[in-house]
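Listed below are the residues making up each chain.
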Amino acid sequence: MATASGLDRREYLERARWRSRRGMLEIDFFLVGFAENRLADLGEAQQAEYTRLLECEDVDLHAWLTGRGESPDAGLHAMITLIREYAAQPGR
C-alpha cells in the first residue's frame, strides 16, 4: 500500500526512522523511540503530520519536545503531544 508521499509503507517507515535521528541527544530521545515503536501504528494522516514535524528546525523541535515552547500549528502540536506522552511512559 502506498502512502500519500508515494512510498510503500515499509519504505516510508524506514525513511521516517532514519530522519528521526537528528544528532541532538534530547531530540533523538523523543523521536527515535517514537518512530521505532509507535509510528507504524498511526494512520496515514498522523504519519503525514509526523513527516511535517521532521521538516521543522531542530531548535523548534527541541523547544516543543521539552515543553519550553509550543508549536503554533495545531497538527504539529497534536503530534508533539503524542510523542511527549509516549516518552513519558514508564519502561518504554
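Residues numbered from 1 in each chain as written. Predicted model: local features only at pLDDT ≥ 70, side-chain atom pairs only at ≥ 80, totals over all residues. Heavy atoms only, no water.

Just checking my understanding: could you explain the packing of aromatic side chains for this structure?
Both the distance between ring centres and the angle between the ring planes are used here to describe each pair of aromatic rings. With the rule as written, the count across this model stands at 3 aromatic pairs. Consider the rings of Phe29 and Phe30, whose centres lie 5.3 Å apart with planes at 80°: the pair is edge-to-face. On the basis of relative accessible area, Phe29 is assigned to the partly exposed category, the value being 44%. Judged by relative accessible area, Phe30 falls into the buried class, the value being 12%. Through a chain of ring-to-ring contacts, the aromatic side chains of Phe34, Tyr50 and Tyr86 assemble into a single cluster. (Phe/Tyr/Trp six-rings, centres within 6.5 Å; stacked < 30°, edge-to-face > 60°. Buried < 20%, exposed > 50% of the residue type's maximum accessible area, 1.4 Å probe, protein only.)

Help me understand the environment of Arg52, please; the structure alone is not making it clear to me.
Tracing the sequence through the fold places Arg52 in helix H3 (residues 44–54). Here Arg52 falls in the partly exposed class, since its relative accessible area comes to 36%. Here the alpha-carbon distance between Arg52 and Thr81, two residues 29 residues apart in the chain, equals 15 Å. (Helix = DSSP H or I, 4+ residues; strand = E, 2+ residues; numbered from the N terminus.)

Geometric descriptors of this kind do not, in isolation, establish any biological role.
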